[in-house]
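Okay, here's what each chain looks like letter by letter:
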Amino acid sequence: MDEINNVVSENLKFYRKQNGYSLEYLASLTGVSKAMLGQIERKESIPSLTTLWKIAQGLRLSFAELTSEILINHVKKVPVERIEMIQSSEYGYIIYPYFPFDIQKKFETNMICLESNGHLSGTPYGSNSTVYITVYDGHLTLEVDGECYTINAYDSIKFNGNVFHLFENHSNSECRFNMIVHY
């Protein structure tokens, strides 16, 4: 719970300043006292759900925007050593989930490496999903709903994500590609 209080504190400060609101003016918009708003910003008070809803409404934000981490400077570096890769020596693949599924943005992105003769099966992601693939190294054979496509290095392909699919590398060298799934 402490983590969400830190997020709310930072978001409250950010959105209040972004709108040019003083604590006093925000208090008049939200019905939450200036003292309480200041305590929340300084992480001295834990706001109730009712208070959070009032603040969100006063700032014209969704509850999720107020309570979810934002990237104030819009930069997030993801060092490869901090990624928990998914690996299968049996099927010859490594998945690097650089940006796991984000419910607000409705996407995820992974880098996938297929060894020679490696393969990876994919199940449907959902009826409104789209999968975007860009191959960086090697040649990828993609089977989508029974139909096969060959994607060479620097080529891209997209397909409806609500079908079964299979990624295969039939070459003698590694195939490396990026996959974005938009839900």
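Residues numbered from 1 in each chain as written. Predicted model: local features only at pLDDT ≥ 70, side-chain atom pairs only at ≥ 80, totals over all residues. Heavy atoms only, no water.

1. Quick look at the environment of Arg-16
The topology assignment puts Arg-16 in helix α1 (residues 2-18). A relative accessible area of 10% means that Arg-16 is categorised as buried. As for Arg-16 and Leu-26, which are separated by 10 residues in sequence, their C-alpha atoms are 7.4 Å apart. Apart from residues no more than four positions distant in its own chain, Arg-16 is found in contact with Tyr-21, Ser-22, Leu-23, Leu-26, Glu-41 and Leu-59. Within the local environment of Arg-16, its side chain forms a polar contact with the backbone oxygen of Tyr-21, the two atoms lying 2.9 Å apart. (Helix = DSSP H or I, 4+ residues; strand = E, 2+ residues; numbered from the N terminus. Buried < 20%, exposed > 50% of the residue type's maximum accessible area, 1.4 Å probe, protein only. Contact = heavy atoms within 4.5 Å. Polar contact = N/O pair within 3.5 Å; in protein donor to acceptor, adjacent residues only side chain to side chain.)

2. As for the sheet that holds strand β6 (residues 139-144)
Within the open sheet, the 4 strands sit side by side as β4-β9-β6-β7. Their pairing is antiparallel. Across the chains shown, the open sheet's two edge strands, defined by having one partner strand only, are β4 (119-122) and β7 (147-152). Strand-to-strand twist across the sheet, computed as the mean angle between neighbouring axes with direction ignored, equals 20°. Where β4 lies against strand β9 (residues 165-168), 4 bridges are found, and the strand directions are antiparallel. Within the sheet, the bridge partner assigned to Leu-120 lies in β9 and is Phe-167. (Pairing = 2+ DSSP bridges. Axes fitted to C-alpha atoms, helices over the stretch in contact; angles between N-to-C directions.)

3. Some details on the side chain of Thr-141
Here Thr-141 shows up in strand β6. Classification of Thr-141 as buried rests on a relative accessible area of 14%.

4. Looking at unusual backbone geometry
Of note, Arg-60 is a non-glycine position whose phi angle comes to about 55°, a positive value. Counting through the fold element by element, Arg-60 comes out in the loop between α4 (49-58) and α5 (63-67). Under the relative-accessibility criterion, Arg-60 is labelled exposed at 77%. In this structure, Lys-106 is a non-glycine residue whose phi angle is positive, near 60°. Checked against the element boundaries, Lys-106 lands in the loop between β2 (93-102) and β3 (107-114).

5. Digging into the side chain of Thr-30
Of note, Thr-30 is situated in helix α2 (residues 23-30). A polar contact of 3.1 Å, which involves the side chain of Thr-30, links it to the backbone nitrogen of Val-32.

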